[in-house]
Amino acid sequence: MDPIAISILMANYNNAIYIQEAIESVLKQTSSNWELVICDDASEDSSVDIIEPYLQHYQVSLIQNPQNLGYI
């Protein structure tokens, strides 16, 4: 596999209504030389539950802050 050419950083904090559509839009890209890093700022909604199934995809990863820091 070639080195990653594109790193996509996706911030998340209580974005359950948007996160699935955002992830799906990345997965539909025609280029396969990317990685998606989702940075969660201690969400209190169901967004992490929505993200978790996508973590089985080798190009998707999740970083979770243990407490809300107000920024990613």
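Residues numbered from 1 in each chain as written. Predicted model: local features only at pLDDT ≥ 70, side-chain atom pairs only at ≥ 80, totals over all residues. Heavy atoms only, no water.

**Student:** How do you make sense of the sheet that holds strand β1 (residues 6-12) when you look at a structure like this?
**Tutor:** Hydrogen bonds between backbone atoms are what pair the strands of a sheet, whose relative direction is either parallel or antiparallel. The parallel open sheet is built from three strands, whose spatial order is β1-β2-β3. Each edge of the open sheet carries a strand with a single partner, namely β1 and β3 (60-64). Averaged over all neighbouring strand pairs, the angle between strand axes comes to 20 degrees, with direction disregarded. Bridge analysis of β1 against strand β2 (residues 34-40) gives seven bridges, and the strand direction is parallel. For Ser-7, the partnering residue across the bridge sits in β2 and is Glu-35. Of the strands in this sheet, β1, β2 and β3 touch helix α1 (residues 16-27), which is tilted by about 175 degrees from β1. (Pairing = 2+ DSSP bridges. Helix = DSSP H or I, 4+ residues; strand = E, 2+ residues; numbered from the N terminus. Axes fitted to C-alpha atoms, helices over the stretch in contact; angles between N-to-C directions. Contact = heavy atoms within 4.5 Å.)

**Student:** Looking at this structure, how should I read the nonpolar core?
**Tutor:** Soluble, globular proteins show a tendency: their nonpolar side chains are buried together. Residues Met-10, Ile-19, Ile-23, Val-26, Trp-34, Leu-36, Ile-38, Ile-51, Tyr-54 and Val-60 constitute the largest nonpolar core, which totals ten residues. Those elements that place two or more of their residues in this core are α1 and β2. Other than its neighbours up to four places away in sequence, Leu-36 contacts Ile-8, Met-10, Ile-23, Val-26, Gln-59, Val-60 and Ser-61. (Core = buried A, V, L, I, M, F, W, Y, C linked by side-chain atoms within 4.5 Å. Buried < 20%, exposed > 50% of the residue type's maximum accessible area, 1.4 Å probe, protein only.)

**Student:** I tried to follow the side chain of Gln-59 on my own but got confused; where do I start?
**Tutor:** Relative to the assigned elements, Gln-59 resides in the loop between α2 (47-51) and β3. A distance of 2.7 Å separates the side chain of Gln-59 from the backbone oxygen of Ser-32, its partner in a polar contact. At a separation of 2.8 Å, a polar atom in the side chain of Gln-59 contacts the main-chain carbonyl oxygen of Trp-34. Excluding residues within four positions of it along the chain, Gln-59 makes contact with Ser-32, Trp-34, Glu-35 and Leu-36. (Polar contact = N/O pair within 3.5 Å; in protein donor to acceptor, adjacent residues only side chain to side chain.)

**Student:** I would appreciate a short explanation of the pairing of β2 in the present structure.
**Tutor:** Put simply, side chains in a regular strand alternate between the two faces of the sheet. By the criterion of burial, β2 is predominantly enclosed, with six of the seven residues buried. You can see the chain leave β1, run along α1 and come back into β2, and the turn it takes is right-handed. Inspection of the sheet shows β2 paired to β3 by five bridges, in the parallel sense. Bridge pairing in β3 places Asp-40 opposite Gln-64. (Right-handed = clockwise from strand over helix to strand, strands pointing away.)

Geometric descriptors of this kind do not, in isolation, establish any biological role.
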